[in-house]
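Read off the chains here:
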Amino acid sequence: MPTEFDLRRKNAQFANAVRSGKKAVRPSYQERMAKRSPISLWALGIVLFVVVGGVLFELAKLVFL
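Residues numbered from 1 in each chain as written. Predicted model: local features only at pLDDT ≥ 70, side-chain atom pairs only at ≥ 80, totals over all residues. Heavy atoms only, no water.

This paragraph deals with the overall build of the chain. When you go through the chain residue by residue, the secondary structure sums to three helices and zero strands. Relative to the compact-globule value of 11 Å for 65 residues, the chain shows a C-alpha radius of gyration of 25 Å, a clear excess of over 25%. By its C-alpha atoms, the chain is 85 × 20 × 15 Å across when sized along the principal axes. In the chain, which comprises 65 residues, the share counted as buried stands at 2%. Of the roughly 6600 Å² of accessible surface on the chain, a fraction of 68% belongs to carbon and sulfur atoms. Counting 11 positive and 4 negative side-chain charges, the chain places the averaged centre of each group 7 Å from the other. (Helix = DSSP H or I, 4+ residues; strand = E, 2+ residues; numbered from the N terminus. Rg over C-alpha atoms; globule rule 2.2 N^0.38 Å. Buried < 20%, exposed > 50% of the residue type's maximum accessible area, 1.4 Å probe, protein only. Areas by Shrake-Rupley, 256 points an atom, 1.4 Å probe, with all protein chains shown as cover. Lys, Arg positive; Asp, Glu negative; His and termini not counted. Charge placed at Lys NZ, Arg CZ, Asp CG, Glu CD.)

You can see Phe 49 is positioned in helix H3 (residues 41-64). Placed 30 residues apart in sequence, Phe 49 and Arg 19 show a C-alpha to C-alpha distance of 41 Å.

Under the counting rule described, the total for this entry stands at three salt bridges. Across the pair Arg 9 and Asp 6 runs a salt bridge whose closest N-O atoms are separated by 3.5 Å. Taken together, the residues span about one helical turn, with Arg 9 and Asp 6 both in helix H1 (residues 4-19) at a distance of three residues. According to the relative accessible area criterion, Asp 6 is partly exposed, its value standing at 26%. Among the salt bridges present, the one from Glu 58 reaches Lys 61, with a minimum N-O distance of 3.8 Å. With Glu 58 and Lys 61 both in helix H3 and three residues apart, this pair spans about one turn of that helix. We classify Glu 58 as partly exposed; its relative accessible area is 40%. What makes Lys 61 partly exposed here is its relative accessible area of 38%. (Salt bridge = Lys/Arg side-chain N within 4 Å of Asp/Glu carboxyl O.)

In structure tokens:
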């Protein structure tokens with residue numbers, strides 16, 4: 001049976017091989033969460049709609065009133 005030192009060494013070798021160009025079979029939870037945006041696309045669209053719409057509304061009010 002391999003010792004703890006052997007297991008750690010093999011694990012480090014595998015991790016280095018993955019980092020050097022090979023793709024991991026399944027990305028870790030941390031990597032998946034790092035790529036995710038903290039706000040969903042539809043929520044971002046609603047915020048942009050409200051902000052841009054408000055600006056356009058105020059500009060129209062300034063020009064026509």
